[in-house]
Amino acid sequence: MEWGTLVATLGGGLIAIAGTVLADRLRTRQEHRRGLQERRRDVYTEFIAAAGAAHTELRRLAQGPVGAADLEAASRSALTDARIYEVRERLFLDASPRIAGTGQTMFERLRALRRAVATGAGISTPEFHDIYHPYLDAVWAYREAVRDELEGHALTPAAFGWSAWDGRERCPRCGTREVESATG
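All values reported here derive from a predicted model rather than from experimental measurement.

Remarks on helix H5 (residues 126-151)
Item 1. In a regular helix each residue adds 1.5 Å, so 26 residues correspond to 38 Å; H5 covers 37 Å between its end C-alpha atoms and thus fits that length.
Item 2. Positive backbone phi, at 85 degrees, marks Gly152, one or two positions downstream of H5.

What to know about a nonpolar patch on the surface
Item 1. Side chains of Trp3, Leu6 and Leu10 sit close together on the surface and give an oily, nonpolar patch of about 360 Å² of accessible area.
Item 2. For Leu10, the location among the structural elements is in helix H1 (residues 3-63).
Item 3. For Leu10, a relative accessible area of 52% puts it in the exposed group.

What about the packing of aromatic side chains?
Item 1. Tallied over the full model, the rule gives nine aromatic pairs.
Item 2. Look at Trp140 and Trp165: their rings are 4.4 Å apart centre to centre, the planes differ by 0 degrees, and that puts the pair in the stacked class. Pair noted here: Trp140 is in helix H5 and Trp165 is in the loop between H5 and helix H6 (172-183), with a separation of 25 residues, a long-range link. Of the two residues, Trp140 and Trp165, neither departs from the other in class, the shared state being buried.
Item 3. Summarising the aromatic geometry, the rings of Trp162 and Trp165 are spaced 6.1 Å apart at their centres and angled 85 degrees between planes, so their arrangement reads as edge-to-face.
Item 4. Following the ring pairs from residue to residue traces out a cluster consisting of Trp140, Phe160, Trp162 and Trp165.
Item 5. The ring of Phe107 is capped by Arg88, whose NZ or CZ atom sits 4.1 Å from the centre of that ring.
Item 6. Lying across the ring of Trp162, Arg170 places its NZ or CZ 3.5 Å from the centre.

As for the pattern of salt bridges
Item 1. All told, the structure shown has twelve salt bridges when counted by the stated rule.
Item 2. Residue Arg39 is joined to Asp94 by a salt bridge in which the shortest nitrogen-to-oxygen separation is 3.4 Å. Highlighted residues: Arg39 in helix H1 and Asp94 in helix H3 (residues 84-94), separated in sequence by 55 residues.
Item 3. Classification of Arg39 as partly exposed rests on a relative accessible area of 37%.
Item 4. Accessibility expressed as a relative area gives 16% for Asp94, which makes it buried.
Item 5. Among the salt bridges present, the one from Arg88 reaches Glu89, with a minimum N-O distance of 4.0 Å.
Item 6. Judged by relative accessible area, which is 44%, Glu89 ranks as partly exposed.

Quick look at the packing of helix H4 (residues 97-118) against H5
Item 1. It is the contact of H4 with H5, at a shortest axis distance of 9 Å, that shows an interaxial angle of 160 degrees. Of the possible angle classes, the one that applies to H4 and H5 is roughly antiparallel. Considering the relative orientation of H4 and H5, their crossing is left-handed.
Item 2. Class assignment for the residues of the contact of H4 with H5 results in 18 nonpolar, three polar and four charged.

Basis of the calculations
Residue indices begin from 1 for each chain and proceed along its sequence in written order. Local features in this predicted model are restricted to residues whose pLDDT is 70 or higher, and side-chain atom pairs enter the listing and the counts only when it is 80 or higher, whereas totals over whole chains, interfaces and linings include all residues. Note that water and hydrogens are dropped before the side-chain values are worked out from all heavy atoms of the structure. Elements are defined by DSSP. Helices are runs of H or I of four residues or more, strands are runs of E of two residues or more, and each kind is numbered from the N terminus. To estimate how far a helix should reach, multiply one less than its number of residues by 1.5 Å. Note that patches include only residues with greater than 30% relative accessible area and no salt bridge, and the join distances are 9 Å for like charges and 5 Å for nonpolar side chains (Val, Leu, Ile, Met, Phe, Trp, Tyr). The Shrake-Rupley method, run with a 1.4 Å probe, gives the accessible areas here. Residue values count only the displayed protein chains as cover. A pair is scored as a salt bridge if a Lys or Arg side-chain nitrogen falls within 4 Å of a carboxyl oxygen belonging to Asp or Glu. Three exposure classes are used, based on accessible area relative to the maximum for each residue type with a 1.4 Å probe and protein chains only: buried under 20%, partly exposed in between, and exposed over 50%. Paired rings are identified among Phe, Tyr and Trp, the last through its six-membered ring, by centres lying within 6.5 Å, and are further divided according to the angle between planes into stacked (under 30 degrees), edge-to-face (over 60) and tilted (the rest). Lysine and arginine charges are scored as sitting over a ring when NZ or CZ, respectively, is within 6 Å of the ring centre and within 35 degrees of the ring normal. Here an axis means a line fitted to C-alpha atoms, over the contact stretch when the element is a helix, while the angle between two N-to-C directions is reported on a 0 to 180 degree scale. In what follows, roughly perpendicular refers to angles from 65 to 115 degrees, roughly parallel to angles under 35, roughly antiparallel to angles over 145, and oblique to any angle outside these ranges. Should the near helix be turned anticlockwise from the far one by less than a right angle, the crossing is termed left-handed; should it be turned clockwise, right-handed. Residue polarity is assigned by list, with Asp, Glu, Lys and Arg as charged and Ala, Val, Leu, Ile, Met, Phe, Trp, Tyr, Cys and Pro as nonpolar; anything else, Gly included, falls into the polar class.

Such coordinate-based values are descriptive only and should not be taken to indicate function.
This is the structure we're talking about:
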């Protein structure tokens, strides 16, 4: 056997092995990225759903007559029962920095809403609205950031015919307050 044939055979074998290893690495990276995207989509959706469940319960509490001591406990339970704390921790593990930041802002505004409800702010009071609308703004900012990351194009308020995310322009209570301020 000639040395040239042996060297060519070994060289070809090394190239084939290197190609196989490289292809396997690329496939593993792609699977990892795909798995991360799926986990992110799941936790992003779970976080907004948990916040929505807590928000719904807080609005219900703000509408009904409940004793002050009961409001504190019930408002805390609204967040706990919705599993917002648990899901938030998962969000911090898998989310991109931008989504983690917008999610944390939304969470802080939800907690501010909870504190207002716990102190007895009714759904039609200025105390509720002063906190409620920044919460809505944070919810939409979160949705916008998630959509931009996952789909590559974000929503804007104009897509809904709105000028801002905070909902003030569609709020009957805020519209009444603006009229009262203008006439008073």
